Amino acid sequence: MAFEPPQRLVRALGETAPDGDDWLEKLPEAAHQAVALRELTVERVQVPGGRSSLVVLVRRADGTPAVLKLAPPRSRPESERAALAHWGGLGAVQLLEPLLTEGVLLLERLHPDLSVRSLPEAKALLEAAGTLRRLWVEPPGGDDAHVFETVAERTGRQAEAMRVTASAEAEVAVLVDAALAARAELLAAPPERRLLHGTFRQSKVLAGERVPWLAVGPDPVVGECAFDLARLVRDRVEDLIASPSGAATTRRRVKRLAESLDVDQERLRGWTLFRAVESGVRALRVGRPKDAELLLEFAGWL
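Quick caveat, the model's predicted, so the values are computed rather than measured.

> Talk me through the overall build of the protein chain; I want residue IDs and the actual numbers.
Tallying secondary structure elements over the protein chain gives 11 helices and 10 strands in all. Here the C-alpha radius of gyration of the protein chain, 19 Å, is about what a compact globule of 302 residues would show, namely 19 Å. Overall, the C-alpha framework of the protein chain stretches about 55 × 45 × 40 Å when taken along its three principal axes. For the protein chain, the proportion of its 302 residues judged to be buried stands at 50%. Counted over contacts in the protein chain with a minimum sequence separation of 6, partners at least 24 positions apart contribute 70%. As displayed, the protein chain has an accessible area near 14200 Å², and 53% of this comes from carbon and sulfur atoms.

> Any chance you could break down helix α10 (residues 265–285) for me, citing the residues and the numbers?
For α10, with 21 residues, the first-to-last C-alpha span of 30 Å sits near the 30 Å given by 1.5 Å per residue. Burial analysis of α10 places 15 of its 21 residues in the buried class, the great majority of the element. Structurally, the start of α10 carries an N-cap: the backbone nitrogen of Glu266 is 3.1 Å from a side-chain oxygen of Asp264. Of the residues one or two after α10, Gly287 is the one with positive phi, at around 90°.

> Go over the pattern of salt bridges, please, and point to the residues and values.
Counted under the stated rule, the structure contains 24 salt bridges. Here Glu80 and Lys69 are joined by a salt bridge, their closest N and O atoms 2.9 Å apart. Placement of Glu80 in helix α3 (residues 77–87) and of Lys69 in strand β3 (residues 65–70) is noted, with a sequence separation of 11 residues between them. Across the salt bridge formed by Arg267 and Glu224, the nearest N and O atoms sit 2.6 Å from each other.

> Got a sec to walk through the packing of aromatic side chains? Specific residues and values, please.
The geometry of an aromatic ring pair is captured by two quantities: the separation of the ring centres and the angle between the planes. Counted by the stated rule, this structure contains 3 aromatic pairs. Following the ring pairs from residue to residue traces out a cluster consisting of Phe227, Trp271 and Phe274.

> Describe the sheet that holds strand β6 (residues 149–150), listing the residues and the values that go with them.
Read from one edge to the other, the open sheet built from 3 strands follows the order β6-β10-β7, with strand pairing classed as mixed. Strand pairing shows two members of the sheet lacking a second neighbour, β6 and β7 (194–196), which therefore form its edges. As defined by bridge partners, β6 adjoins strand β10 (residues 221–223) across 2 bridges and the pair is classed as parallel. Residue pairing in the sheet places Glu149 in a bridge with Val221 of β10.

> How would you summarise the environment of Asp113 if you had to cite specific residues and measurements?
By the secondary structure assignment, Asp113 is in strand β5 (residues 111–115). Every residue in contact with Asp113, bar those within four places of it in the chain, is listed here: Arg44 and Gln46. Within the structure, Asp113 has its side chain in polar contact with the side chain of Gln46 (distance 3.0 Å).

> Describe unusual backbone geometry, naming the residues involved and giving the relevant values.
Residue Pro48 is reached from Val47 by a cis peptide bond, and omega for that bond is 5°. The backbone of Arg236 shows a phi angle near 60°, a positive value even though the residue is not glycine. Its identity is not glycine, yet Asp262 carries a phi of approximately 55°, on the positive side. On the secondary structure map, Asp262 appears in the loop between α9 (246–260) and α10. Take Asp262: its relative accessible area is 72%, and that puts it in the exposed class.

> Can you break down the sheet that holds strand β8 (residues 205–207) residue by residue, with the values?
Overall, antiparallel pairing links the 3 strands, which are arranged β5-β8-β9 in an open sheet. The strands lining the two open edges of the sheet, one partner per strand, are β5 and β9 (213–215). On average, each strand axis in the sheet is inclined to that of its neighbour by 55°, with strand direction left out of account. Note: β8 against β9, 3 bridges, orientation antiparallel.

Cut-off values and rules
Residues numbered from 1 in each chain as written. Predicted model: local features only at pLDDT ≥ 70, side-chain atom pairs only at ≥ 80, totals over all residues. Heavy atoms only, no water. Helix = DSSP H or I, 4+ residues; strand = E, 2+ residues; numbered from the N terminus. Rg over C-alpha atoms; globule rule 2.2 N^0.38 Å. Buried < 20%, exposed > 50% of the residue type's maximum accessible area, 1.4 Å probe, protein only. Contact = heavy atoms within 4.5 Å. Areas by Shrake-Rupley, 256 points an atom, 1.4 Å probe, with all protein chains shown as cover. Expected span 1.5 Å × (residues − 1). Polar contact = N/O pair within 3.5 Å; in protein donor to acceptor, adjacent residues only side chain to side chain. Salt bridge = Lys/Arg side-chain N within 4 Å of Asp/Glu carboxyl O. Phe/Tyr/Trp six-rings, centres within 6.5 Å; stacked < 30°, edge-to-face > 60°. Pairing = 2+ DSSP bridges. Axes fitted to C-alpha atoms, helices over the stretch in contact; angles between N-to-C directions.

Everything listed is a geometric property; what it means functionally is a separate question.
See the structure below:
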């Protein structure tokens, strides 16, 4: 079978590819080797798939359905592996094998085309929040502790990129300043230290067989829970922007999610602001002006 990467993956990785990165060129051969090593039968490549990895629906030698996932080093697949192993299937997709090949994960098969985003908005937020709560556990210690970035480290890298863009794009400077100020205040006294999903949203929660809903695709990080919840606040941002009551709905969503997950409302608002501005500025930097406009307008409501 030809392992042709979906165009969505090609475009997304092209936005962040460092000079000399040939991972996409080597991907078809790497996929063939991963399949052969595990004696898998390939059903199909998942399309449109994700923005950071190739996802292939397969069957193991005993006929059990599974998912083979291949990701480049810059997507931190070994960090994902470590987080999935630590969660052990509680709230997240189950890891089916130990490390055989770096950058290759064999995972429990969920229903790839059925996420909580298919539910009505209120129900989707409820189910997503319940799933996220189960992931917030104490991070591993000892030799495994160094595998994960902290919120301070990840947002520090992002903050530097935001400053560079703001210096060249004056119209975003005010929002960037507000986001950076919020980050500095939030990092001064974090209330807890948990293992977080890192990139959680409705589309990252898929229907399963063991339990109704399980999280997939973490980019794990260690820090406070409000950081993880912040991305969920802006889910379906296109609908929010299109609604005349979008700003009020956003503020109610912050309040409702904070109360339901026992997170400080102001800390959630602050991290939502930072993450929305960071995403908007990044979209502007890589040439996605429409996405940038939506995200920055959303951030202005906060």
